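A look at the structure
Each chain, letter by letter, is given below.
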Amino acid sequence: VEFALILPMLIVITFGIIEFGMLVYNQQVITNASREGARVGIVASVPRVPATGTNSIDSVVQNYCANHLVTFGTQNNPVTTVIGYSATAPFSSDLTVQVNYQYSFLVIPNFIPSITSLLNMQAVTVMRYE
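What comes next is a walk through the structure.

What counts and what doesn't
Residues numbered from 1 in each chain as written. Predicted model: local features only at pLDDT ≥ 70, side-chain atom pairs only at ≥ 80, totals over all residues. Heavy atoms only, no water. Helix = DSSP H or I, 4+ residues; strand = E, 2+ residues; numbered from the N terminus. Rg over C-alpha atoms; globule rule 2.2 N^0.38 Å. Expected span 1.5 Å × (residues − 1). Buried < 20%, exposed > 50% of the residue type's maximum accessible area, 1.4 Å probe, protein only. Contact = heavy atoms within 4.5 Å. Polar contact = N/O pair within 3.5 Å; in protein donor to acceptor, adjacent residues only side chain to side chain. Core = buried A, V, L, I, M, F, W, Y, C linked by side-chain atoms within 4.5 Å. Pairing = 2+ DSSP bridges.

Each helix and strand in the chain was counted, giving three helices and three strands. Sequence-ordered secondary structure for the chain, helices as α and strands as β, is α-α-β-β-α-β. Since a compact globule built from 130 residues should have a radius of gyration of about 14 Å, the 19 Å found for the chain marks it as more spread out than a globular shape. Dimensions along the principal axes, computed over C-alpha positions, put the chain at roughly 70 × 25 × 20 Å.

Laid out in structure tokens, this is it:
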């Protein structure tokens, strides 16, 4: 009887640990994706990598997220915002890459209704042009 009373709390705690572990992991993935995108954008190359389009800062971020994000539910694509991009940017000017992602909880909102099923996550990286 005691086990039957404690079991629901143990299940919620177990799934909570798993959910928040995936949340922290996905936050690290979008942080690393913004760093990868910024690094590609600031490296001196001729021609400089564009902000959007094929083989661009945005495509680097999207590919990194597609290969590393852990999602079992609905796949939400991250949104990349590039600020300060210029094909002829002078050295020592800043490039900012911001990645926004909506994390979708799987189990926890079913047990705790006060938690919404989507959580907005954001990662920002600022690097200087080389």
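A word on helix 2 (residues 57-68). Here helix 2 spans 17 Å end to end across twelve residues, near enough to the 16 Å set by a 1.5 Å rise per residue. Among all positions of helix 2, only Ile 57, Ser 59, Val 61, Tyr 64 and Cys 65 are buried. In this structure, the buried residues of helix 2 make contact with helix 1 (2-42), strand 1 (79-83) and strand 2 (94-104).

Moving on: the environment of Gln 27. Positionally, Gln 27 belongs in helix 1. For the pair formed by Gln 27 and Gln 122, sequence separation is 95 residues and the distance between their alpha carbons is 7.7 Å. Polar side-chain contacts of Gln 27 include one of 3.2 Å to the backbone oxygen of Gln 122.

On to the nonpolar core, then. Ranked by size, the top nonpolar core spans 23 residues in total, and within it Ile 30, Val 97 and Tyr 103 carry the most contacts. Considering each element in turn, this core owes the most residues, seven residues, to helix 1.

The next thing to look at is the pairing of strand 2. Counted residue by residue, strand 2 has eight buried out of eleven residues, so it is predominantly covered. The pairing of strand 2 with strand 3 (residues 118-128) spans eleven bridges and is antiparallel. Bridge pairing in strand 3 links Val 97 to Thr 125.

Where the residue is not glycine, phi is negative for most of them; where a peptide bond is considered, it is trans in most cases. For Ser 92, which is not a glycine, the phi torsion comes out positive at approximately 75°. By the element assignment, Ser 92 lies in the loop between strand 1 and strand 2. We classify Ser 92 as partly exposed; its relative accessible area is 48%.

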